[in-house]
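# Commentary on secondary and tertiary structure
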Amino acid sequence: MLMNKKHLFLVIALLACVGLASAQNRKALRINEVMVTNDNGFVDEYGHRHGWIELFNSNYGPLEISSVYITNDPNNPTKYPVPMGDESTHMGKRQHIVFYADDEPNLGPLHLSFQLAPGQDNWIGIYDADGKTLIDEVVVPAALAPNQSYARTVDGEGEWEIRNGGDKYITPKSANKIKDTNNKIQLFAEYDGHGFGMAAMAMCIVFSALLVLCLAFMAIDRIGQSAARHNKAKAHGVQDSAEKKSIEHDSGEVIAAICMAMYQHLNAHDTESTVLTINKVKRAYSPWSSKIYGLRQLPH
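Please read all numbers here as calculations on a predicted model, not as lab measurements.

Conventions adopted
- Residues numbered from 1 in each chain as written.
- Predicted model: local features only at pLDDT ≥ 70, side-chain atom pairs only at ≥ 80, totals over all residues.
- Heavy atoms only, no water.
- Helix = DSSP H or I, 4+ residues; strand = E, 2+ residues; numbered from the N terminus.
- Buried < 20%, exposed > 50% of the residue type's maximum accessible area, 1.4 Å probe, protein only.
- Contact = heavy atoms within 4.5 Å.
- Areas by Shrake-Rupley, 256 points an atom, 1.4 Å probe, with all protein chains shown as cover.
- Phe/Tyr/Trp six-rings, centres within 6.5 Å; stacked < 30°, edge-to-face > 60°.
- Pairing = 2+ DSSP bridges.
- 1 Å grid on protein atoms, 1.4 Å probe; cavity = no way out; pocket = protein on both sides within 12 Å on 5 of 7 lines; lining within 4 Å.
- Points joined across faces, edges and corners; volume = space filled by probe spheres on them.
- Nonpolar A, V, L, I, M, F, W, Y, C, P; charged D, E, K, R; others polar.
- Salt bridge = Lys/Arg side-chain N within 4 Å of Asp/Glu carboxyl O.
- Lys, Arg positive; Asp, Glu negative; His and termini not counted.
- Polar contact = N/O pair within 3.5 Å; in protein donor to acceptor, adjacent residues only side chain to side chain.
- Core = buried A, V, L, I, M, F, W, Y, C linked by side-chain atoms within 4.5 Å.
- Axes fitted to C-alpha atoms, helices over the stretch in contact; angles between N-to-C directions.

## Here's the deal with the overall build of the protein chain
Scanning the protein chain for helices and strands turns up 5 helices and 11 strands. Residue burial in the protein chain is summarised as follows: out of 300 residues, 27% are buried. Counted over contacts in the protein chain with a minimum sequence separation of 6, partners at least 24 positions apart contribute 54%. Carbon together with sulfur atoms contributes 59% to the accessible area of the protein chain, which is approximately 20800 Å² in total.

Okay, here's the thing in structure tokens:
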């Protein structure tokens, strides 16, 4: 019973954390652009034209908005609840979504239950799932002419301005500030028209990466040799640091000889101890690589 209570408490705590994180994410939802009268502009999925409200997710992560409310009446904050369980209400990071103010919510989750009134101020607000916390609001001025939009200068922030579709773009479902040029590319084209600087920079980056990789391999090799020397000194019972440094790492021939001896010993004496004693032979050559022992002895 105690374990069940602990599990229940853990589940409640996790749900509370998830709810708190979702609420914090929804705080970044912004009203981004509004058009009250739409005669020859953006159309919905049925080919009809209505006033519309664009929302922007200023988070750098996805956002589910199916639990918020959109309204044009401050006395009725829950006028249009965004339906739950629909894929269209899932916004990617820094993305836009357009709701149609056509007073036809039966046409889909993006169709609001109210219309915007031309020729007068239109207050628009977004409320959180509790229906009390105001996330964002805007008052669209009555001076907004047909086919003009009221938009932020920059997505999710900045001042509001009237856009007429001429030199000021109307941008439903896209960024309010359109970047048509790249300043860095323009600087390269201006100061490095032939591309020599770009080539030199690329080669420097490549050779620098190779140098770092080479140094890393050298450091790994030194660390490996130091560790092997330390283990060998420990096996011989050497404690003095100077003697440890004088101990050389076993060569490949020595290691191969030990492996061959172990193999021969285990095959010939499989029931005896595997302790081997290898003494250093003071000769000018290695008996393991000498060829005279491998020659055929002629009979006398």
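## Digging into unusual backbone geometry
The backbone of Arg94 shows a phi angle near 55 degrees, a positive value even though the residue is not glycine. Phi at Lys173 is positive, roughly 65 degrees, even though this residue is not glycine. Looking at where Lys173 falls in the secondary structure, it is placed in the loop between strand E11 (157-163) and helix H2 (183-191). The exposure class assigned to Lys173 is partly exposed, which follows from its relative accessible area of 47%.

## A closer look at the packing of aromatic side chains
Inspection of every chain in the model, using the stated rule, returns 3 aromatic pairs. Each ring, one from Phe42 and one from Trp52, has its centre 6.4 Å from the other, and the planes form 70 degrees; the classification is edge-to-face. With Phe42 in the loop between strand E1 (29-35) and strand E2 (51-57) and Trp52 in strand E2, this residue pair connects regions lying 10 residues apart in the sequence. Taking the relative accessible area as the measure of exposure, Phe42 reaches 24% and is therefore partly exposed. Ring geometry for Phe42 against Tyr100: centres 6.2 Å apart, planes inclined by 15 degrees, an arrangement best described as stacked. Placement of the pair is Phe42 in the loop between E1 and E2 and Tyr100 in strand E7 (residues 96-101), with a sequence separation of 58 residues. Residue Tyr100 is classed as buried on the basis of its relative accessible area, which comes to 4%.

## Some words on the pairing of E1
Of all the 7 residues making up E1, 6 are buried; the element is thus mostly covered by neighbouring parts of the structure. Taken together, the 6 bridges between E1 and E2 define a ladder with antiparallel strand orientation. Of the residues in E2, the one forming a bridge with Arg30 is Phe56.

## Points about empty space enclosed by the protein
Across all of its chains, the model carries 1 cavity of 30 Å³ or more by this definition. One number sums up the size of the largest cavity: a volume of about 40 Å³. Val36, Thr37, Ala117, Pro118, Gly119, Gln120, Asn122, Pro141, Ala142 and Leu144 are the residues that line the largest cavity. In the lining of the largest cavity, the residues fall into 6 nonpolar, 4 polar and no charged.

## What about the pattern of salt bridges?
Scanning the entire structure with this criterion turns up 4 salt bridges. A salt bridge links Arg26 to Asp128; the nearest nitrogen and oxygen atoms lie 2.6 Å apart. Of this pair, Arg26 sits in helix H1 (residues 2-26) while Asp128 sits in the loop between strand E8 (122-127) and strand E9 (134-140); the two residues are 102 residues apart in sequence, bridging distant segments of the chain. For Arg26, a relative accessible area of 9% puts it in the buried group.

## Overview of the side chain of Glu33
Relative to the elements of secondary structure, Glu33 occurs in strand E1. No salt bridge is formed by the buried Glu33; its nearest oppositely charged neighbour, Arg163, is found at 5.0 Å. A polar atom in the side chain of Glu33 sits 2.7 Å from the side chain of Ser149. Of the polar contacts made by the side chain of Glu33, one reaches the side chain of Thr171; its length is 3.1 Å. In contact with Glu33, not counting residues within four places along its chain, are Trp52, Ile53, Glu54, Ser149, Tyr150, Ala151, Trp160, Ile170, Thr171, Pro172 and Asn176.

## Considering the nonpolar core
Ranked by internal contacts, the top residues of the largest apolar core, which has 31 residues, are Leu29, Ile53, Leu55 and Phe99. Listed by contribution, the elements that provide at least two residues to this core are E1, E2, E7, E8 and E9. Sorting elements by how many residues they give to this core places E7 first, with 5 residues. Excluding residues that lie within four positions of it along the chain, Leu55 makes contacts with Leu29, Arg30, Ile31, Asn32, Ile70, Met91, Gln95, His96, Ile97, Phe99 and Ile126.

## Topic: the pairing of E11
Sheet topology places strand E10 (residues 149-154) next to E11; 5 bridges connect them, and they run antiparallel. From the neighbouring strand, Ala151 faces E11, where its bridge partner is Glu161.

## Re the sheet that holds E2
Pairing is antiparallel across the open sheet formed by 5 strands, whose spatial order is E7-E2-E1-E10-E11. Among the strands making up the open sheet, the edge pair consists of E7 and E11. Going across the sheet, the axis of each strand differs from the next one's by a mean of 30 degrees, ignoring polarity.

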